[in-house]
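Close look at the chain arrangement
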Amino acid sequence: MGVPVLPQPSYSQEAIIQEGIKIGEMARTLFSDGILINEGSNILNYKKTLQLIANAGNITLFEATFIYQNAVARADILQRIHGEWFLFEVKSSVTSDQVKDEEIDDATYTGMILDLCGIQAKTISLMRVSKDYRLGMDNRTFFSVTDCTEAVQERLLNFRCKFDSIMDATGRSNKPTPTLIMPCKQCDFFENHCVGKGVPDPLFDLSRISSKKFNEFVANGIYRISMIPAHHILTSSQEIIWQTVKNQRPWCDLNKITEHLNKIVEPVYYLDFETVSTAIPLYPDITPYETIVTQYSIHQYTALWKELAHCEFLAEQHIDDRRRLTERLLDDIGTTGSVIVYHAAAEKRFILSLVDIFPDLANRLLAIIDRIIDLKIIVQDSYYHQDLHGSYSIKAVLPIFVPDMNYNELDIGDGLTASAVFANLARGKYPPDEAVIYRNNLMEYCKQDTFAMVRIHQKLAELVV
Ligand code: SF4
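Keep in mind that this is a model prediction, so the values were computed, not measured.

Parameters at a glance
Residues numbered from 1 in each chain as written. Predicted model: local features only at pLDDT ≥ 70, side-chain atom pairs only at ≥ 80, totals over all residues. Helix = DSSP H or I, 4+ residues; strand = E, 2+ residues; numbered from the N terminus. Buried ≥ 20, exposed ≤ 12 C-beta atoms within 10 Å, placed from the backbone. Contact = placed C-beta atoms within 7 Å. Pairing = 2+ DSSP bridges. Axes fitted to C-alpha atoms, helices over the stretch in contact; angles between N-to-C directions. Expected span 1.5 Å × (residues − 1). Arc of directions from axis to C-beta. Near = placed C-beta within 6 Å. Nonpolar A, V, L, I, M, F, W, Y, C, P; charged D, E, K, R; others polar. Domains from an automatic or database assignment. Parallel < 35°, antiparallel > 145°, perpendicular 65-115°, else oblique.

Section: the overall build of the chain
The helix and strand tally for the chain stands at 15 helices and 13 strands. Projected onto its principal axes, the C-alpha coordinates of the chain cover approximately 80 × 60 × 40 Å. The buried share of the chain, reckoned over its 465 residues, is 28%. Taking contacts inside the chain between residues at least 6 apart in sequence as the whole, the part at least 24 apart equals 64%.

Encoded structure:
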């Protein structure tokens, strides 16, 4: 059997990669006379690196490459000053967050391979995005440098032990037998190439299963929900999932549905926002990674499913258009009737972000929050289907309730892609005719979200008539 090929990055993943590349380029501008190593392959890059460091003297290398046994490490920025080495790893995260474990791990790995190749870095630092940067400022203010030499030193010994065992395992002619672990959930190989092949009910579909419980089950040979024996203590929501998987029949609590639906007040507004968030701000006076509300869709219905209106707004991409968006939203959403959203925490956060910047509109915006009803909570409280696989996202729920509707036929089918498309529009990456098409696709996507809510609400109502 051939080696499985990883899927190509999605549109949104590609956007993150591109922004990472841009940040890497910005970091290099802070080091004068640096030499970029880009010979086309790891081996050639390694040879070039060795050639460049062979001569004594100060030097700055970008993407210096080192190979030890089968392991390759590329140092984002490596400097030798008066015979001492300094390593800088460039990251897209912001300094207001704690240094992530995986960032220290990355730096430790690079430091370890350098070490094995005979380069002992005096300091190992992370260059992260400064929260204080604003569009138009000097590149120097974009980065904040954090020395993590001590944290790396603490991990080095452990890394060395693991490194030896990984080299030993990868050097063997027989493939090790894979076992189910929590990270399998996010692994691209899981379903088609590895332990998930032909497994419809993997253990991690059990909602909020702790790592301890997960590992206990796997150690006892239980890697599917249907393999869990009846005497095991589960939480009430895990018990529902277990029963549903065992019986292959959906679970439904009609009383709870009725209780929730009775709280909805006419006329009903179904509201959904889309946002954009980028490391390099799109507009002046925006912090890196600030979430900017860019569009909304509202469907308005009576209790008898008569559509009263559909309103939508998509920001002008070249300016921060939030004032116009907020004023239009307040006009379109009325002052009475329930506002149904899917996953209220996010939508409330978006409204509060508008309250922060437009205090003169705060009372009217906060009044929207008071009217919000979370459709996701209604579904979560009262329904489970084995095909949900532990997820209550609207993309998972919609095909269960409304099989004739899905997101596959849309050109933009998820929020991350919508965000990436808007960022590309704002950066002028599309010619005008393409930009028109992308804007239409964005509106179609947001409209689908609110119409999906209408249809799911309808189906829930039908269950209790
Ligand atoms: S599915 Fe799990 S065991 Fe298989 S490669 Fe992915 S993470 Fe490893």
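Structure shown, so let's carry the discussion forward.
Description of the sheet that holds strand β3 (residues 71-81)
Strand order across the open sheet formed by six strands is β1-β2-β3-β4-β5-β6, with mixed pairing between neighbours. With one partner strand each, in any of the chains shown, β1 (35-36) and β6 (143-147) form the two edges of the open sheet. Relative to the sheet, helix α2 (residues 42-54) contacts β1, β2 (59-68) and β3, its axis offset from that of β2 by approximately 125°.

Considering the sheet that holds strand β12 (residues 372-374)
On the basis of which strands lie adjacent, the open sheet formed by five strands has the order β10-β9-β8-β11-β12 and mixed pairing. Among the strands making up the open sheet, the edge pair consists of β10 (307-314) and β12. Between one strand and the next, the sheet's axes are offset by a mean angle of 25°, whatever the strand orientation. As paired strands, strand β8 (residues 268-276) and strand β11 (residues 339-341) are joined by two bridges and run parallel to one another. In the strand pairing of β11, Y270 is matched with I340. Running over the sheet, helix α14 (residues 415-426) touches β8 and β9 (292-301) and is turned about 55° from β8.

A word on helix α10 (residues 344-357)
Count 3.6 residues to each turn of an α-helix, and residues three or four apart come out pointing the same way. In this model α10 runs 20 Å from its N-terminal to its C-terminal C-alpha over 14 residues, within 8% of the 20 Å that 1.5 Å per residue would give. Among the residues making up α10, those that are buried are E347, I351 and L354. Across the axial projection of α10, the buried residues extend over an arc of 50°, all falling on one side. For α10, the exposed residues set more than 90 degrees away from the buried face come down to A345 and D356. Contact partners of the buried residues in α10: β8, β9, α9 (322-332), β11, α11 (362-371) and β12.

A word on the site of the ligand
In the vicinity of the ligand, the contacting residues are P178, I181, P183, C184, C187, F189, F190, C194 and V195. The class makeup of the residues in the shell around the ligand is nine nonpolar, no polar and no charged.

Brief notes about the domain arrangement of the chain
Quoted interface sizes are often the accessible area lost when the parts come together. Domain assignment breaks the chain into domain 1 (17-171), domain 2 (182-249) and domain 3 (258-463). One C-alpha centre belongs to domain 1, the other to domain 2; they are set 39 Å apart.

What to know about α14
Helix length check: α14 (twelve residues) gives 16 Å between terminal C-alpha atoms against 16 Å at 1.5 Å per residue, within 8%. Counting buried residues in α14 gives nine out of twelve residues, a clear majority hidden from the surface. For α14, the set of buried residues is T417, A418, S419, A420, V421, F422, A423, L425 and A426. Where α14 is buried, its residues touch α1 (11-28), β8, β9 and α15 (432-463). G428 sits one or two positions beyond α14 and adopts a positive phi of about 65°.

A short note on the pairing of β2
Both β1 and β2 contribute to a ladder of two bridges, which runs parallel. Residue pairing across strands places L36 opposite F62, the latter belonging to β2. Note: β2 against β3, nine bridges, orientation antiparallel. Pairing of I67 across the sheet is with V72, part of β3. Hairpin remark: β2 followed by β3, antiparallel, with two residues in the connecting loop; positive phi at Q69, about 50°.

Some details on the pairing of strand β4 (residues 84-94)
Two strands pair when backbone bridges link them, and β3 and β4 are joined in this way by five bridges, in the antiparallel orientation. Bridged to R80 within β4 is W85. Where β3 hands over to β4, the hairpin turn is made up of two residues, of which H82 adopts a positive phi near 50°. Two strands pair when backbone bridges link them, and β4 and strand β5 (residues 121-129) are joined in this way by seven bridges, in the parallel orientation. Bridged to V90 within β5 is M127.

Quick word on the environment of S165
The residue S165 is located in helix α4 (residues 149-171) in this model. Owing to 9 C-beta atoms within 10 Å, S165 belongs among the exposed residues under this scheme. On a C-alpha basis, the gap between S165 and R249 in space is 45 Å, while along the polypeptide they are 84 residues apart.

Points about the packing of α10 against α11
Angle between the axes and distance between the axes: these two values describe a pair of packed helices. For the pair α10 and α11, the least separation of the axes is 9 Å and the interaxial angle reads 170°. Accordingly, the angle class assigned to the pair α10 and α11 is roughly antiparallel. Across from K348, I351, L354 and V355 in α10, the residues of α11 making contact are A362, L365, L366, I368 and I369. Its residues assigned to classes, the contact of α10 with α11 comprises eight nonpolar, no polar and one charged.

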